[in-house]
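Structural overview
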Amino acid sequence: MPKRPTRLDYCQYLLVTPINHTITNFADHVEDMSHDAINRFLRDEKMTPHLVWDNVRDLIAATAGGCITFDDTIIDKNFSHKIELVRRQYSGNAHGIIKGIGVVTCVYVNPETKEHWVIDYRIYDPQGDGKSKLDHVKDMLTNVVHHKGLACRTMLMDTWYATKELMLFIESLGKIYYCPIKSNRLVDDSRGELDYRHVDSLDWNEREVAHGKIIKIRGFPKEHKVKLFRVTVSTHRTDMVVTNDLTQDLTKGAQQACALRWKIEQFHREAKQLTGIERCQCRKARIQRNHIACAILVWVRLAAVAKQTSETLYRIKHGLLDEFLRQQLKNPSITMRLA
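A brief structural summary. (Residues numbered from 1 in each chain as written. Predicted model: local features only at pLDDT ≥ 70, side-chain atom pairs only at ≥ 80, totals over all residues. Heavy atoms only, no water.)

1. Examining the overall build of the protein
- Scanning the protein from terminus to terminus reveals 13 helices and 11 strands.
- Expressed along its principal axes, the backbone C-alpha trace of the protein runs to roughly 80 × 50 × 45 Å.
- Counting the 339 residues in the protein, one finds 49% classified as buried.
- Residue pairs in contact within the protein that sit at least 24 positions apart in sequence constitute 60% of those at least 6 positions apart.
- Split by element, the accessible area of the protein, about 18200 Å² in all, is 50% carbon and sulfur.
- Here the protein holds 51 positive side-chain charges and 41 negative ones, and the gap between their average locations is 3 Å. (Helix = DSSP H or I, 4+ residues; strand = E, 2+ residues; numbered from the N terminus. Buried < 20%, exposed > 50% of the residue type's maximum accessible area, 1.4 Å probe, protein only. Contact = heavy atoms within 4.5 Å. Areas by Shrake-Rupley, 256 points an atom, 1.4 Å probe, with all protein chains shown as cover. Lys, Arg positive; Asp, Glu negative; His and termini not counted. Charge placed at Lys NZ, Arg CZ, Asp CG, Glu CD.)

2. Concerning helix α11 (residues 285–309)
- In this model α11 runs 36 Å from its N-terminal to its C-terminal C-alpha over 25 residues, within 8% of the 36 Å that 1.5 Å per residue would give.
- With 19 of its 25 residues buried, α11 lies for the most part within the structure.
- In the stretch just after α11, S310 is the one whose phi turns positive, near 60 degrees. (Expected span 1.5 Å × (residues − 1).)

3. Examining the packing of aromatic side chains
- Considering all chains together, one arrives at 7 aromatic pairs under this definition.
- Note on W160 and Y161: the rings are 4.8 Å apart at their centroids and 75 degrees apart in plane angle, and the pair reads as edge-to-face.
- For the pair F267 and W299, a centre-to-centre distance of 4.9 Å together with 85 degrees between the ring planes defines the contact as edge-to-face. On the criterion of sequence distance, the pair formed by F267 in helix α10 (residues 262–274) and W299 in helix α11 is long-range, its members being 32 residues apart.
- On the basis of relative accessible area, F267 is assigned to the buried category, the value being 2%.
- Judged by its relative accessible area of 2%, W299 is buried.
- Joined through ring pairs, the aromatic side chains of Y10, Y13 and F26 make up one cluster.
- In this structure, K133 is placed above the aromatic ring of W160, and the distance from its NZ or CZ to the ring centre is 5.8 Å.
- For the cation-ring pair, K138 lies above F169, with the distance from its terminal atom to the ring centre recorded as 5.3 Å. (Phe/Tyr/Trp six-rings, centres within 6.5 Å; stacked < 30°, edge-to-face > 60°. Lys NZ or Arg CZ within 6 Å of the ring centre and 35° of its normal.)

4. Observations regarding the state of the cysteines
- The tally for this structure, following the rule as stated, stands at 0 disulfides.
- With no disulfide of its own, C106 lies 8.7 Å from the sulfur of C152, the closest cysteine sulfur.
- C258 takes part in no disulfide bond, and the closest cysteine sulfur, belonging to C179, lies 8.2 Å away.
- Take C258: its relative accessible area is 16%, and that puts it in the buried class. (Disulfide = S-S within 2.5 Å.)

5. Regarding the side chain of T154
- Within the element layout of this structure, T154 appears in strand β5 (residues 154–156).
- Once you skip the residues sitting within four places of it in the chain, T154 turns out to touch G66, C67, I68, I176 and Y178.

6. Some details on the pattern of salt bridges
- If you walk through the whole model with that rule in mind, you get 23 salt bridges.
- Residue R43 is joined to D44 by a salt bridge in which the shortest nitrogen-to-oxygen separation is 3.3 Å.
- Note that R237 and D239 form a salt bridge whose closest N and O atoms lie 3.0 Å from each other.
- Taking relative accessible area as the criterion, R237 reaches 35% and is therefore assigned partly exposed. (Salt bridge = Lys/Arg side-chain N within 4 Å of Asp/Glu carboxyl O.)

7. Observations concerning the environment of K3
- Within the secondary structure layout, K3 lies in the segment before α1 (7–16).
- In this structure, K3 is in contact with D9, D32, M33 and A37, ignoring residues within four places of it in sequence.

8. Here's the deal with the packing of α10 against α11
- Put simply, α10 and α11 touch, their axes get as near as 10 Å, and they point 105 degrees apart. Put simply, α10 runs roughly perpendicular to α11. Listed contacts from α11 to F267, E270, A271 and L274 of α10 are I296, W299 and L302.
- Classifying every residue of the contact of α10 with α11 by side-chain character gives 6 nonpolar, no polar and 1 charged. (Axes fitted to C-alpha atoms, helices over the stretch in contact; angles between N-to-C directions. Parallel < 35°, antiparallel > 145°, perpendicular 65-115°, else oblique. Nonpolar A, V, L, I, M, F, W, Y, C, P; charged D, E, K, R; others polar.)

9. Let's talk about the environment of F229
- Considering the arrangement of structural elements, one finds F229 in strand β10 (residues 226–234).
- C-alpha separation for the pair F229 and C179, spaced 50 residues apart in sequence, amounts to 10 Å.
- The residues contacting F229, other than those within four sequence positions of it, are W204, H211, G212, D239, M240, V241, T243, Q248, L250, T251 and A254.

Purely geometric stuff here, so don't read any function into it on its own.
This is the structure we're talking about:
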């Protein structure tokens, strides 16, 4: 009698399959599960982001100075025409508009050990739930502070999320933030003596370069001040970073805080390259949602094993083929011949 697939079965498949992550490939490599049974399971199951938290909560080495970083990524479906949830949206990696499924993710970073864990995510589906990416971020941050009770002090975000609404919301949670702002953002560093200017046109003296300066961003409450730093990201890039932590007195300190935000980019890259998160070709939205959930769970497992073995996630995943290679070199299924 055919076996009914389980969540563990599907996650195990995504974990070990090297290239092909389709349901058809899964069914072709098991004896007791049919393609229809796997498809039916993924269509009827309902996996939610809370499942990720259930599997990662005991792995997190939380600290009072912990950081929460959030960003969105696009699950590339550029060659798909009938997959539900797919919409045209901007991709930073592609530097243009592509078709894909938007996923807003939330990662916890321990600034002392530099370890990071994915703790939450949301599927961007404004036609289905009416929520913007900012709405999803606010939901996740509220959940972190008031429900998960995860110790944290700092919120890190990209330029796109550096809005008045979200910055003030983070302050209402009693947290501090660091975020780069766009070069044309209007600010005042003269305490009201001069008109607002684009942030990239401000004058900087030697002390301000090293210690930052107090500014007011246009549109914020009258007495609302933040601190601005010129943070060198690379030899060709300097970000204007603002924080509500007025006690931060060193540009170097702001630079170190901002550097932790790249942990979420690392998570996105590893998830796409190692879990098959972009490889599901099924059309139904529920199957896509469940596939994404399982792929993120696979990343959680790979990260846990990598920590235990002091290896990278790439070495763990690619190492699964080592034994196969040894066997094939010893007793090849296809022998090489030369003229």
